[in-house]
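An overview of the molecular structure
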Amino acid sequence: MSYFAEQSLPFDLDEATPARIRPGKTPSYMADHRKRLRTRFVEGGASAMPDYELLELILFRAIPRQDVKPLAHDLMNAFGDFNRVITAPIDRLRSFKGVGDAVITELKIVEAAAQRLARSKVLNKQLISSWDALIDYCHTTMAHRETEQFRVLFLDRKNVLIADEEQAKGTVDHVPVYPREVAKRALELNASALILVHNHPSGDPTPSQIDIDMTAQMEMACAALGLTLHDHLIVGKSRELSFKSEGYL
């Protein structure tokens with residue numbers, strides 16, 4: 001892998017100052033390349049660019065005056081696509097030579113912005129009538145994670161989202177869930193209904209027997225407390241599975 005020197009990103013500058021800069025100005029071919037990519041992005045948007053070039057645009061800010069294309073390709077090859085690079089665990093990103101605090105900061109700003117934008121479309125909204133926005137939000141926040149995550153969406157009497165909380169994290173194929181704790185939290189929030197969401201890092205949203213059994217236990221716990229379990233969504237890489245649509249609920 002190529003070596004890229006960098007230091008923490010100063011947010012009041014257009015680009016970070018690297019720890020070591022080769023003598024002289026940025027080579028003209030490199031400056032022209034950056035200008036062409038930026039112009040293409042401004043004029044044509046993200047759809048006019050392949051994933052690795054969009055990643056280059058992000059790396060430009062963290063690593064000025066150096067060729068970031070090799071690092072962009074290394075990251076794409078390692079993680080598979082743009083989304084998985086952006087959402088990759090920090091410790092894995094840091095294992096790449098050339099990825100330090102400035103690069104990680106830029107990547108995680110993009111991830112946070114994407115999640116906040118998606119979240120704004122569902123928070124304080126009637127979720128049953130905003131189902132497509134909910135699916136987009138779940139995919140944005142969970143589809144590209146390398147380990148399982150279990151979230152609960154708490155709704156009020158009008159099915160308006162009042163809280164979205166991560167209940168547990170797990171391994172690549174399992175996450176521990178405790179129905180009584182989820183039901184207890186719903187009562188604390190004065191929620192009337194729930195939607196369960198978890199991801200399958202394998203990309204296949206087909207439920208396991210553990211998923212099915214846990215959902216049945218959760219439904220029983222909710223029923224005992226007068227709560228409604230609307231659905232359990234399993235998010236895969238490119239599609240999701242609804243327990244309600246598939247007849248599990």
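Up top is the structure these notes are about.
Let me sum up the structure you'll find in this document.

1. As for the overall build of the protein
Secondary structure assignment for the protein yields 9 helices and 5 strands. Classification of the 249 residues of the protein by burial places 46% in the buried group. Long-range pairs, those at least 24 residues apart, make up 63% of the contacts in the protein between residues at least 6 apart in sequence. Carbon together with sulfur atoms contributes 51% to the accessible area of the protein, which is approximately 13,000 Å² in total.

2. Observations regarding helix α9 (residues 209–224)
Side chains that are three or four residues apart share a direction in an α-helix, a result of its 3.6 residues per turn. Helix length check: α9 (16 residues) gives 23 Å between terminal C-alpha atoms against 22 Å at 1.5 Å per residue, within 8%. G226 sits one or two positions beyond α9 and adopts a positive phi of about 75 degrees.

3. Describing the pairing of strand β1 (residues 149–155)
The side chains of a regular strand alternate between both faces of the sheet. Here β1 lies mainly inside the structure; 7 of its 7 residues are buried. Pairing of β1 with strand β3 (residues 193–199), which is carried by 6 bridges, proceeds in the antiparallel orientation. Bridge pairing links F150 to H198 in β3.

4. Things to note about the packing of aromatic side chains
Per the counting criterion, the structure on display carries 2 aromatic pairs. Ring centres of F79 and F96 lie 5.8 Å apart, and the angle between their planes is 40 degrees; on these two criteria the pair is classed as tilted. You can see F79 sitting in helix α3 (residues 69–79) and its partner F96 sitting in the loop between α5 (90–94) and α6 (101–120), a full 17 residues away along the chain.

5. A look at the packing of helix α8 (residues 179–188) against α9
Viewed as axis vectors pointing N to C, α8 and α9 meet at an angle of 40 degrees, and their least axial separation amounts to 9 Å. The two elements α8 and α9 cross, and the hand of that crossing is right-handed. Contact residues: P179, V182 and A183 in α8; Q217, M218 and A221 in α9. A breakdown of the residues in the contact of α8 with α9 according to their chemical character gives 5 nonpolar, 1 polar and no charged.

6. Things to note about the pairing of strand β4 (residues 228–235)
Here β4 lies mainly inside the structure; 7 of its 8 residues are buried. Taken together, the 7 bridges between β3 and β4 define a ladder with parallel strand orientation. Bridge pairing in β4 links L194 to L229. As paired strands, β4 and strand β5 (residues 240–242) are joined by 3 bridges and run antiparallel to one another. Across the sheet, V235 pairs through a bridge with E240, a residue of β5.

7. A short note on the environment of V68
Within the element layout of this structure, V68 appears in the loop between α2 (51–62) and α3. By relative accessible area, V68 is classed as buried at 1%. Taking the C-alpha atoms as reference points, V68 and L57, 11 residues apart in sequence, are found 9.1 Å from one another.

8. So, the packing of α2 against α6
Packing of α2 against α6 brings their axes to within 8 Å, and their N-to-C directions diverge by 130 degrees. Classified by the angle their axes make, α2 and α6 are oblique. Classified by chirality, the crossing of α6 by α2 is right-handed. Contact residues: α2 offers L55, I58, L59, R61 and A62, while α6 offers A102, V103, E106, L107 and V110. Partitioning the contact of α2 with α6 into residue classes produces 8 nonpolar, no polar and 2 charged.

9. A few points about the pattern of salt bridges
This structure, assessed with the given rule, holds 10 salt bridges. Notably, a salt bridge pairs K108 with E111, separated by 3.0 Å at the nearest N-O pair. Of this pair, K108 and E111 both sit in helix α6, separated by 3 residues, roughly a single helical turn. With respect to class, K108 is no different from E111; both count as buried.

Rules used in this analysis
- Residues numbered from 1 in each chain as written.
- Predicted model: local features only at pLDDT ≥ 70, side-chain atom pairs only at ≥ 80, totals over all residues.
- Heavy atoms only, no water.
- Helix = DSSP H or I, 4+ residues; strand = E, 2+ residues; numbered from the N terminus.
- Buried < 20%, exposed > 50% of the residue type's maximum accessible area, 1.4 Å probe, protein only.
- Contact = heavy atoms within 4.5 Å.
- Areas by Shrake-Rupley, 256 points an atom, 1.4 Å probe, with all protein chains shown as cover.
- Expected span 1.5 Å × (residues − 1).
- Pairing = 2+ DSSP bridges.
- Phe/Tyr/Trp six-rings, centres within 6.5 Å; stacked < 30°, edge-to-face > 60°.
- Axes fitted to C-alpha atoms, helices over the stretch in contact; angles between N-to-C directions.
- Left-handed = near helix turned anticlockwise from the far one by under 90°.
- Nonpolar A, V, L, I, M, F, W, Y, C, P; charged D, E, K, R; others polar.
- Parallel < 35°, antiparallel > 145°, perpendicular 65-115°, else oblique.
- Salt bridge = Lys/Arg side-chain N within 4 Å of Asp/Glu carboxyl O.

None of this, on its own, says anything about what the molecule does.
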